[in-house]
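Analysis of the macromolecular model
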Amino acid sequence: MSEVILEMRNITKTFPGVKALQNVNIQVRAGEIHALCGENGAGKSTLMKVLSGVYPYGTYEGEIRFEGNVCQFKDIKMSEELGIVIIHQELALIPYLSIAENIFLGNERASGGIMNWKETILQTREQLKKVGLKESPTTLAGSIGVGKQQLVEIAKALSKKVKLLILDEPTAALNEDDSENLLQLMLEFKRQGIASILISHKLNEISKVADSVTILRDGQTIETLDMHKDEVTEDRIISGMVGRDLTNRYPAHQSKIGDVILEVKDWTVYHEQQTGRKVLDGIHMNIRKGEIVGIAGLMGSGRTELAMSIFGKAYGKNITGQLFKDGRPIQNNTVNQAIENGFAYVTEDRKNYGLILMDDIKRNISLTGLGKLSSNMVVDDKKEILVAEEMRKKLKIKTPNILQKTGNLSGGNQQKVVLSKWIFAEPDILILDEPTRGIDVGAKYEIYSIINQLADEGKGVLVISSELPEILGICDRIYVMSAGRITGEVKREDATQETLMKYMTRTGGAQHGNTNQTV
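Quantities reported herein were computed from a predicted structural model and do not represent experimental measurements. (Residues numbered from 1 in each chain as written. Predicted model: local features only at pLDDT ≥ 70, side-chain atom pairs only at ≥ 80, totals over all residues. Heavy atoms only, no water.)

1. Thoughts on helix α9 (residues 303-310)
- Burial of α9 is extensive: six of the eight residues sit out of reach of the surface.
- Those residues of α9 lying buried are Arg303, Thr304, Leu306, Ala307, Ser309 and Ile310.
- Positive phi shows up at Gly312, right after α9, with a value of about 70°. (Buried < 20%, exposed > 50% of the residue type's maximum accessible area, 1.4 Å probe, protein only. Helix = DSSP H or I, 4+ residues; strand = E, 2+ residues; numbered from the N terminus.)

This is the structure we're talking about:
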């Protein structure tokens, strides 16, 4: 058995009004992949920030031992010098710098204050080769896809002679192919003797690559399981995470579907920068009252572009086509107009576009309905507080109070704040783009229940998701997109992952209005 490379003993971390960690213990062995599981807010990221020095020694209680030595990291640079490197969920690359500049930022290859560009380029090529990237070191980081950016982050970690690599939700924003490549890379690092800590809500990935898993709940260690010895199932991990058995990942739902509430006809959208390039080509689709409609497709298929262009033409140029609500033509030329027409859009990027992170929960929730809370252009504070409290209870947002800064919440609770904001706007048509990205199974179940409630109120719900089991589990009908076109339309009872994947990889368009057929 490999020796223990990392041991964290009785780690306790307190924020004002919240004990984020309480006597947490974890051991990681050399060359193993150790998974860290728990609901949003369980303390996973906080624990790793303690380990890496983001939260310096003196701001927490407990002891860290690395390679047998007690460590008192004052900052992240001290932990990196020992070979502990963390890759955060939000990528930290600077898009306007080259790959080479990003990899060696803060770790420059220089002599006498002068950059050695030849050595920098040569070493960048070496690191890129290790992660399987063929891009030029001089390529701008912002010009490559998210999956490749994740590999650049790993190459950056390798340049620091990493011994323990911490990956916080590394596949949250990746498609299936990029996720699989990253997992295979982790297995290769394991063969090279590099230890990894993997934080992930995707339990199938943990089952595939992890040697052991530590489960946290409410800031405390629940148990550590040996994936090779113990009878570890996804259900057992879930039970440890949420404190109860979750017999069904998706709440039962009997849909009461009514008349068509939204119809999209011949919707064509061009790229915002590359004006001659069609992003969406002749889209036809509809949603009925009380119906949950899914959109499946690989990254780049045009799913988000479709949602944003419908929602007030927030994306795209030279948009043509027609929108009908309740059979009447409407114009959604601006976001305000879309909101007035009863549309709501929950973005896939809640941190940048869905929330004001530096503002409190109360203000974020009330943003879309200030008119309902105002008199003579002045917001009624009492009404605003009552609305926010009602939403906090209704959506079970875990927070000490509604004056908590939204950026301090876990990902799942942030997502509930975004949903609260749009539910308060009382929309008729709700577009949800990756509504459960980066969220644990317990919080996912709660969000699925909210989606069902909205459908039961007669709203039309459109769900975009990269997780095919999620699409299959909650949607009444599914459209499949590929290369900017709808290539299939499948009823819930006829849908399988294999069927959806077949349509996701096609380039031809579907026959409009014909279910389960393509041309």
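2. Regarding the sheet that holds strand β24 (residues 485-491)
- Taken together, six strands build an open sheet; the order of strands is β18-β21-β22-β15-β23-β24 and the sheet is mixed. On the outer flanks of this sheet lie β18 (343-346) and β24, each paired with one strand and no other. Within the sheet, the average angular offset between the axes of one strand and its neighbour, ignoring direction, is 20°.
- With six bridges joining them, strand β23 (residues 477-482) and β24 adopt antiparallel strand pairing. Each bridged residue has a counterpart across the sheet, and for Tyr479 the counterpart in β24 is Glu489. (Pairing = 2+ DSSP bridges. Axes fitted to C-alpha atoms, helices over the stretch in contact; angles between N-to-C directions.)

3. Quick notes on the packing of aromatic side chains
- A complete count under the given rule lists five aromatic pairs for this structure.
- Here the aromatic rings of Tyr57 and Tyr60 are separated by 6.1 Å at their centres, their planes lie at 80°, and the arrangement is edge-to-face.
- You can call Tyr60 buried: its relative accessible area is 8%.
- Relative to Trp422, the ring of Phe311 lies with its centre 5.8 Å away and its plane at 90°, an arrangement referred to as edge-to-face. Note that Phe311 is positioned in the loop between α9 and β16 (317-325) and Trp422 in helix α15 (residues 411-424), a separation of 111 residues in sequence. Just as Phe311 is buried, Trp422 falls in that class too.
- One aromatic cluster is present, built from ring pairs that chain together Phe311, Tyr345 and Trp422.
- Across from the ring centre of Phe324, 5.1 Å away, lies the NZ or CZ of Lys265, which sits over that ring. (Phe/Tyr/Trp six-rings, centres within 6.5 Å; stacked < 30°, edge-to-face > 60°. Lys NZ or Arg CZ within 6 Å of the ring centre and 35° of its normal.)

4. What to know about the domain arrangement of the protein
- Looking at the protein, the domain boundaries give domain 1 (4-242), domain 2 (258-342 + 427-506) and domain 3 (348-426).
- Distance between the C-alpha centres of domain 2 and domain 3: 24 Å.
- Each partner contributes to the interface: domain 2 provides 20 residues, whereas domain 3 provides 14 residues.
- Buried area between domain 2 and domain 3, both sides added, is near 1,400 Å², and the carbon and sulfur share of it is 64%.
- Among the residues of domain 2 in contact with domain 3, Pro427, Glu446 and Ile450 are the three that bury the most area, contributing 31% of the side total.
- Connecting domain 2 to domain 3 are one salt bridge.
- Note that Glu446 and Lys416 form a salt bridge whose closest N and O atoms lie 2.3 Å from each other.
- If you look at where domain 2 meets domain 3, you find four residue pairs in polar contact (both at pLDDT 80 or more).
- At the level of elements, β21 (429-433) and α16 (441-456) are the ones that each hand at least two residues to the side of domain 2 that touches domain 3.
- Among the elements that line the side of domain 2 that touches domain 3, the one with the most residues is α16, at five residues. (Domains from an automatic or database assignment. Contact = heavy atoms within 4.5 Å. Buried area = accessible area lost by both parts, 1.4 Å probe. Salt bridge = Lys/Arg side-chain N within 4 Å of Asp/Glu carboxyl O. Polar contact = N/O pair within 3.5 Å; in protein donor to acceptor, adjacent residues only side chain to side chain.)

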